[in-house]
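Single-letter residue listing:
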Amino acid sequence: MIATPESQPKAQRSIVRRLAVRLALCVALLLSAVSISVYVSVGYLQEQSQTKLLAIKVHKLIETSSAMLRPGNQDFLRLLQVNSAKRHGSRLVLYHANGDVFYRDPPGEAHDLSSLIRSRSFSLQSADGQMVLNGRFDIDIAEDDSRQQALAHLLVLITTIGALCSGLLAFLVVRHGIEPLRRIAAQTQQMSATHRLTHLHLSAPSLEFSPLVDQFNVLIDRLEASRIQLEAFNSDVAHELRTPLTALIGKTELALSRPRSMEELTQTLASNLEDLARMSSMVNDMLFLAHADGGQHARVGSPRDLRLLMSELLEYHEPQASERGLQLQVDGDLTAAVDEPLLQRAVSNLLSNACRYAVPGSVVRVVLGTRAAEGTQAVEVPSVAVINEGPEISASALRRLFDRFYRGDASRHRDGMHAGLGLAIVAAIARMHGGQVWATSDARHTEIGIALSSG
């Protein structure tokens, strides 16, 4: 068989690494956004500072020119020449209206500017308005640009180092944080090694891990209960089948031990057939319970008058009741959508059980009505109960009444065709209808019933 990409197991990836990388990327994006904001803000502030510096320089020139600029007067020109050395990193040029140069800063280191400059044009006018000069003031911004570039490199470095450090820190923190998961994995591996199911334990309660551990422990309890139930079920099945099989083998061996008449062989076969019928009934009941445990649901039909259905069922059990002088009656009215064969089987089991243990001459009642749904008092669901007068069932027996192969007596004697599965089948039918069973008993009455689903 050629392994396809779908059939090949996927490589396992570390959650710790993935979280660390994602956190590092998130921090990198955050730091990048902050760095870009800082870079843009600093650039904007530098531009505003340069513009303000140009405005101050030009404003001083305008004030000075209005006071000193005169046609034929060289005072303003001499002042510009004297102050040229103070204008380091800048350059001033003034023109007459006809384009001739009035003043230009002399060439030299102080006024040799780079290609990165910021300029402002302006006009100067003498106080009498007879002389007008046009000018341009340049300042060198190469140093500011250099600082801006250095800031950019620093921000990139900070972002990179921050992302790497946050990723490493996240790796360590997450690895430490999921240490309880490692301990849980070690505990489950120990279970695999010892083949024993035990509860998981956390060294310290955790809001994130405690629900997982609690649910796992609940599952362990359910599995353990199922295992115990399965072992008990297997033991009960072996016990229940061993007795009739032993009887069959013994009677058959006895029949074959010497020649028998046709009448004797017929009696042996009839007895064997009775045991085989009992075993067949038990196997069918076990198969039905297996289907119910597998999630099979009742085939619910349209709503039906259950009083009529119960009346038909009482007619079937009339001979059994008559043997012990019992009276059968139906109380109440109820219309509900049910699986009729299943409900008849469940109530039939309850009636058989009631007739078997009822006080001779008493009344066995089938009560139709409603009952509060499990877990709530606000919702009423249809219910069918069978009530008989008889001996009180102990509280310990009531808790196990619906267990498979359970009998109230400890002797585990065989009572006719009954193998202790009747009430277990009743509980299974209730579950198939989405309902539940209940049982109560006191010194006078015993009541066992089925609460059906409201849907």
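Residues numbered from 1 in each chain as written. Predicted model: local features only at pLDDT ≥ 70, side-chain atom pairs only at ≥ 80, totals over all residues. Heavy atoms only, no water.

### Points about the packing of aromatic side chains
The criterion, for reference: Note on aromatic pairs: the rings of Phe, Tyr and Trp (six-membered ring only in Trp) are paired at centre separations within 6.5 Å, and the planes decide the class, stacked below 30 degrees, edge-to-face beyond 60, tilted for the rest. Secondary structure is summarised from DSSP: a helix means a run of H or I of at least four residues, a strand means a run of E of at least two, and numbering begins at the N terminus for each. Type-normalised accessible area, obtained with a 1.4 Å probe on protein chains alone, sets the label of each residue: buried when under 20%, exposed when over 50%, and partly exposed for intermediate values. When the NZ atom of lysine or the CZ atom of arginine is within 6 Å of a ring's centre and also within 35 degrees of its normal, the charge is said to sit over that ring.
Under the definition given, this model contains one aromatic pair. Geometrically, the ring pair formed by Phe-76 and Phe-102 is stacked, given 6.4 Å between the ring centres and 20 degrees between the ring planes. One end of the pair, Phe-76, is in helix H2 (residues 75-83); the other, Phe-102, is in strand E2 (residues 101-104), with 26 residues separating them in the sequence. Each member of the pair, Phe-76 as well as Phe-102, carries the same accessibility label: buried. Across from the ring centre of Trp-438, 3.9 Å away, lies the NZ or CZ of Arg-371, which sits over that ring.

### Description of helix H6 (residues 262-293)
Residues spaced three or four apart along an α-helix face the same direction, because each turn holds 3.6 residues. Here is the rule we go by: Here the expected span of a helix is defined as 1.5 Å times the quantity of residues minus one.
Taking 1.5 Å as the rise per residue, H6 with 32 residues should run 46 Å; its terminal C-alpha atoms sit 46 Å apart, in good agreement. Among all positions in H6, only Thr-268, Asn-272, Asp-275, Arg-278, Met-279, Met-282, Asp-285, Met-286, Phe-288, Leu-289 and Ala-292 are buried. Positive backbone phi, approximately 100 degrees, marks Gly-295, located one or two places after H6.

### With respect to the nonpolar core
Heads up, the condition is: Throughout this description, the term nonpolar core refers to a set of buried Ala, Val, Leu, Ile, Met, Phe, Trp, Tyr and Cys residues connected via side-chain atoms within 4.5 Å. When checking whether two residues touch, look at their non-hydrogen atoms; a contact exists if any pair is within 4.5 Å.
Membership of the largest hydrophobic core comes to 49 residues, with the highest contact counts inside it found for Leu-306, Met-310 and Val-366. At the level of secondary structure, the elements contributing two or more residues to this core comprise H6, helix H7 (306-323), strand E6 (327-331), helix H8 (340-357), strand E8 (363-372), strand E9 (380-389), helix H10 (422-432) and strand E11 (445-451). The element that contributes the greatest number of residues to this core is H10, accounting for nine residues. Apart from residues no more than four positions distant in its own chain, Met-310 is found in contact with Val-330, Leu-343, Val-347, Val-366, Leu-368 and Val-384. Judged by nonpolar contacts, the second largest core, of 18 residues, contains Leu-61, Phe-76, Tyr-103 and Phe-137.

### With respect to the pattern of salt bridges
Formally: Salt bridges are counted wherever a side-chain nitrogen of Lys or Arg sits within 4 Å of a carboxyl oxygen of Asp or Glu.
Following the criterion strictly, the structure yields 12 salt bridges and no others. A salt bridge links Asp-138 to Arg-136; its shortest N-O distance comes to 3.3 Å. Given the relative accessible area of 0%, Asp-138 is considered buried. A relative accessible area of 37% means that Arg-136 is categorised as partly exposed. The closest approach of N and O atoms between Arg-182 and Glu-179, which form a salt bridge, is 3.7 Å.

### Thoughts on the environment of Ile-448
Looking at the secondary structure, you find Ile-448 in strand E11. For Ile-448, a relative accessible area of 6% translates into the label buried. Once the C-alpha coordinates of Ile-448 and Thr-198 are considered, the two residues, 250 residues apart in sequence, prove to be 36 Å apart. What Ile-448 contacts, discounting residues up to four positions off in sequence, is Leu-350, Asn-353, Val-384, Ala-385, Val-386, Leu-401, Phe-402, Leu-423, Trp-438 and Ala-439.

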